[in-house]
Amino acid sequence: MHKPLINGCVTAGSGENPSPMKCAAVCGRGNGMCFSRRQSLSRTTGSHRLPGAACWALLPGVASRCLFFSLLGASCTVLDYSTLQLESEKVVAEREGYAIEIVQADMTKPFPFEGESFDCIFHPVSNCYVEEVEPVWHECFRVLKPGGVLLAGVDNGINYLFKEDSAALTRPLPFNPLRDEELYRTSVENGDGIQFSHTTEEQLRPLLRTGFRLLDLYEDTNGYGVLEAYRVPTFLAFLAQKP
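In what follows, the accompanying structure is described. Everything numeric here is computed off the predicted structure, so don't read it as measured data.

Reading the values: the criteria
- Residues numbered from 1 in each chain as written.
- Predicted model: local features only at pLDDT ≥ 70, side-chain atom pairs only at ≥ 80, totals over all residues.
- Heavy atoms only, no water.
- Phe/Tyr/Trp six-rings, centres within 6.5 Å; stacked < 30°, edge-to-face > 60°.
- Helix = DSSP H or I, 4+ residues; strand = E, 2+ residues; numbered from the N terminus.
- Buried < 20%, exposed > 50% of the residue type's maximum accessible area, 1.4 Å probe, protein only.
- Lys NZ or Arg CZ within 6 Å of the ring centre and 35° of its normal.
- Salt bridge = Lys/Arg side-chain N within 4 Å of Asp/Glu carboxyl O.
- Pairing = 2+ DSSP bridges.
- Axes fitted to C-alpha atoms, helices over the stretch in contact; angles between N-to-C directions.
- Contact = heavy atoms within 4.5 Å.

**Section: the packing of aromatic side chains**
- Across all of its chains, the model carries 5 aromatic pairs by this definition.
- Ring centres of Tyr160 and Phe175 lie 4.9 Å apart, and the angle between their planes is 40°; this geometry places the pair in the tilted category. Highlighted residues: Tyr160 in the loop between strand S7 (144–155) and helix H5 (181–189) and Phe175 in the loop between S7 and H5, separated in sequence by 15 residues. Accessibility assignment for this pair places Tyr160 and Phe175 in one class, buried.
- The ring of Phe141 carries Lys242 above its face, with NZ or CZ at 4.9 Å from the centroid.

This is the structure:
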């Protein structure tokens, strides 16, 4: 099973506790949050407007992400279902000296926030852990202020066609363990969690139906393995705005 990667780190509840050196590296990146190993959306994120902004990291996966926004003057909230991840967020925030609001919740449920609460939502690759994408985009739209932005990374589903060490097609799409008992069993045994494939259409059409304006996007590869050797795009990062 391919783990969802962004910038070389597992991105959903990994509980990674970045070292001070790694945090220093984040500080040195300038006004651009990296979604992948190749590039960032730095010129279009509006990071110059972050001082005083309310930013929310939705399943951030790596604790130093909130550090980045805090350094730019934003007030940060992080939501995750993983206790391990949230403990890591607290440890890094206390060590690096920035304030953060920590919320434990299930992103498949209505978000525990009032409408129009945030200026910016940062959402690294984690839709692969939900069966239905549209409710997530609907809730993001609800809690964003008018003019607010959603920065998101998503998997386009191609990884789920293959085994990590093979370029041969091995599974049909969609990848859905809830509809396949054997797939569910192997996913649990391998410690992969319950993941779901979503094509680019399945990611972006619900986003547009919800009301978001798509402002920018790019594709990227795994950064490792057979599909990387063939330069097959497997991820999409995009910037969307609530009108």
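**What about the pattern of salt bridges?**
- In the structure shown here, the tally under the stated rule is 8 salt bridges.
- Note that Glu96 is salt-bridged to Arg95, the shortest N-O span being 2.9 Å.
- With relative accessibility at 30%, the residue Glu96 sits in the partly exposed group.
- Residue Arg95 is classed as partly exposed on the basis of its relative accessible area, which comes to 36%.
- Between Glu134 and Arg209 there is a salt bridge, with the nearest N and O atoms lying 3.1 Å from each other. On the criterion of sequence distance, the pair formed by Glu134 in helix H4 (residues 134–143) and Arg209 in helix H6 (residues 200–210) is long-range, its members being 75 residues apart.
- Judged by its relative accessible area of 32%, Glu134 is partly exposed.
- Judged by relative accessible area, which is 51%, Arg209 ranks as exposed.
- A single salt-bridge network, built from bridges that share partners, covers Glu182, Arg185 and Glu189.

**A closer look at the sheet that holds strand S6 (residues 118–123)**
- Ordered by their spatial adjacency, 7 strands build an open sheet running S5-S4-S3-S6-S7-S9-S8, and the pairing between neighbours is mixed. Every other strand in the sheet has two partners, leaving strand S5 (100–104) and strand S8 (213–220) as the edge strands with one partner each. The average undirected angle you get between the axes of adjacent strands in this sheet is 15°.
- Relative to S5, helix H3 (residues 83–96) is tilted by about 170°, and along the sheet it contacts strand S4 (75–80) and S5.
- Relative to strand S9 (residues 235–241), H6 is tilted by about 5°, and along the sheet it contacts S7, S8 and S9.

**Some remarks on unusual backbone geometry**
- Cis geometry is found at the peptide bond from Leu173 to Pro174, where omega equals 0°.
- Structurally, Pro174 can be placed in the loop between S7 and H5.
- Phi at Glu116 takes a positive value of approximately 55°, unusual for a residue other than glycine.
- For Glu116, the location among the structural elements is in the loop between S5 and S6.
- Positive phi values are uncommon outside glycine, yet Arg231 reaches one of about 55°.
- In this structure, Arg231 sits in the loop between helix H7 (225–229) and S9.

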